[in-house]
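Close look at the chain arrangement
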Amino acid sequence: MMKFHQKNYFLISNMTIWLENNIQLGSFNYDEIKSDILLKKNSEEFLSFQKESQDSIKCLYVAQREIGTVSYLDPYIDIIGSDDATTCHIVIIVDEANSNVSLCHFDGSDTETGIFDMVKSLKSLREHENAEYSLYIVGGFDDDRGSSQNLTKEIFDCLLNRIEKYNLKLCIVTDLNTINKNGINYPIIYGIGYDIKQKKAFWCNKFLNTGPDMLARRARHFSEGAVRNVENLLTWIKFF
């Protein structure tokens, strides 16, 4: 039976996020995600190996409140990734038709625009309009202020407002990404990378090759504003 998800400004009748066992999500639901056998298997495999650091030159690093989109055919970029996420969430969307990849590091600033720009950039690289996308989401933890919970819900609400089909491949967020040490909650995963040529996400909490102008890029965190596309960094990487 069709469900309807009500948001402030429009009515949603398309449930666009699918679990691995062909169940559609109407909203973010921990129980449904935890009960999905294939999604659980993906999470266990992802967590079974952690890279201590990533120092590849052919890597596009995406900082907080930035978006990076890379073509599978790009000869200069093999890996895209981000780290340093506590309450922040890192979202990876892969076009299943051509393996092009977009990654964004969300901190709660203009999330809807960030999702829109990710999909728009992927669509600009494809010939046909209809598409299915693989979806990977990590980040956040069970923090006292509930910031992570709010951002998790916001990201899922934004995706559910879209008409594309997203196949959820990995979801380790908030409660699912929490470890308690001496009575204090911490995130398990702080960073994620995606090997574009191998078509595989991997756990990495530290990227060493972060690109140019990191001080200026990080200064944006202290002001309000939309997410920023890092296309200009691709020119720097090719030159390097």
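The structure contained in this document is the topic of the report that follows. The model shown is predicted, which means the values in this text are computed figures rather than measured ones. (Residues numbered from 1 in each chain as written. Predicted model: local features only at pLDDT ≥ 70, side-chain atom pairs only at ≥ 80, totals over all residues. Heavy atoms only, no water.)

1. Overview of the pattern of salt bridges
Here the structure, examined in full by the defined rule, presents nine salt bridges. Across the pair K153 and D157 runs a salt bridge, and its minimum N-O distance is 2.7 Å. With K153 and D157 both in helix α4 (residues 147–160) and four residues apart, this pair spans about one turn of that helix. Assessed through its relative accessible area of 8%, D157 is described here as buried. Taken together, the shared-partner salt bridges connect K58, D78 and K197 into one network. (Salt bridge = Lys/Arg side-chain N within 4 Å of Asp/Glu carboxyl O. Helix = DSSP H or I, 4+ residues; strand = E, 2+ residues; numbered from the N terminus. Buried < 20%, exposed > 50% of the residue type's maximum accessible area, 1.4 Å probe, protein only.)

2. Comments concerning the sheet that holds strand β16 (residues 200–204)
The strand order across the open sheet built from five strands is β5-β16-β15-β8-β6, with neighbouring strands paired in mixed fashion. Among the strands making up the open sheet, the edge pair consists of β5 (50–51) and β6 (59–61). Note: β5 against β16, two bridges, orientation parallel. Bridged to K51 within β16 is C204. (Pairing = 2+ DSSP bridges.)

3. A closer look at the packing of helix α3 (residues 111–123) against α4
Remark: α3 packs on α4, axes separated minimally by 9 Å, with the N-to-C direction vectors making an angle of 45°. Considering the angle they form, α3 stands oblique to α4. Relative to α4, α3 is oriented so that their crossing is right-handed. Residues T111, E112 and I115 of α3 pack against L151, E154, I155, C158 and L159 of α4. Here the contact of α3 with α4 is built from residues that sort into five nonpolar, one polar and two charged. (Axes fitted to C-alpha atoms, helices over the stretch in contact; angles between N-to-C directions. Parallel < 35°, antiparallel > 145°, perpendicular 65-115°, else oblique. Left-handed = near helix turned anticlockwise from the far one by under 90°. Contact = heavy atoms within 4.5 Å. Nonpolar A, V, L, I, M, F, W, Y, C, P; charged D, E, K, R; others polar.)

4. Focus on the pairing of strand β11 (residues 132–139)
Of all eight residues in β11, seven are buried; the element is thus mostly enclosed. Here β11 runs beside strand β12 (residues 165–173); their pairing, made up of eight bridges, is parallel. Opposite V138, over in β12, you have I172 as the bridge partner. For the segment spanning β11, α4 and β12, crossover handedness is right-handed. (Right-handed = clockwise from strand over helix to strand, strands pointing away.)

5. Re the packing of aromatic side chains
Counted according to the given criterion, the structure contains five aromatic pairs. Ring centres of F28 and Y30 lie 4.5 Å apart, and the angle between their planes is 80°; on these two criteria the pair is classed as edge-to-face. Both rings, one in Y61 and one in F207, keep their centres 6.1 Å apart while their planes meet at 50°; by these two values the pair is tilted. With Y61 in strand β6 and F207 in the loop between β16 and α5 (214–219), this residue pair connects regions lying 146 residues apart in the sequence. Since its relative accessible area comes to 1%, F207 is described here as buried. (Phe/Tyr/Trp six-rings, centres within 6.5 Å; stacked < 30°, edge-to-face > 60°.)

6. Describing the side chain of E66
Here E66 is to be found in strand β7 (residues 66–70). Residue classification places E66 among the buried residues on the basis of a relative accessible area of 0%. Within the local environment of E66, its side chain forms a polar contact with the backbone nitrogen of A63, the two atoms lying 2.8 Å apart. (Polar contact = N/O pair within 3.5 Å; in protein donor to acceptor, adjacent residues only side chain to side chain.)

7. Examining the side chain of R162
The topology assignment puts R162 in the loop between α4 and β12. A distance of 3.4 Å separates the side chain of R162 from the side chain of Y166, its partner in a polar contact. Excluding residues within four positions of it along the chain, R162 makes contact with T16, I115, F116, V119 and K123.

8. Let's talk about unusual backbone geometry
A positive phi angle, near 55°, is found at D110, a position not held by glycine. Residue placement: D110 occurs in the loop between β10 (101–106) and α3. Positive phi values are uncommon outside glycine, yet K199 reaches one of about 55°. Secondary-structure assignment places K199 in the loop between β15 (192–195) and β16. Accessibility expressed as a relative area gives 45% for K199, which makes it partly exposed.

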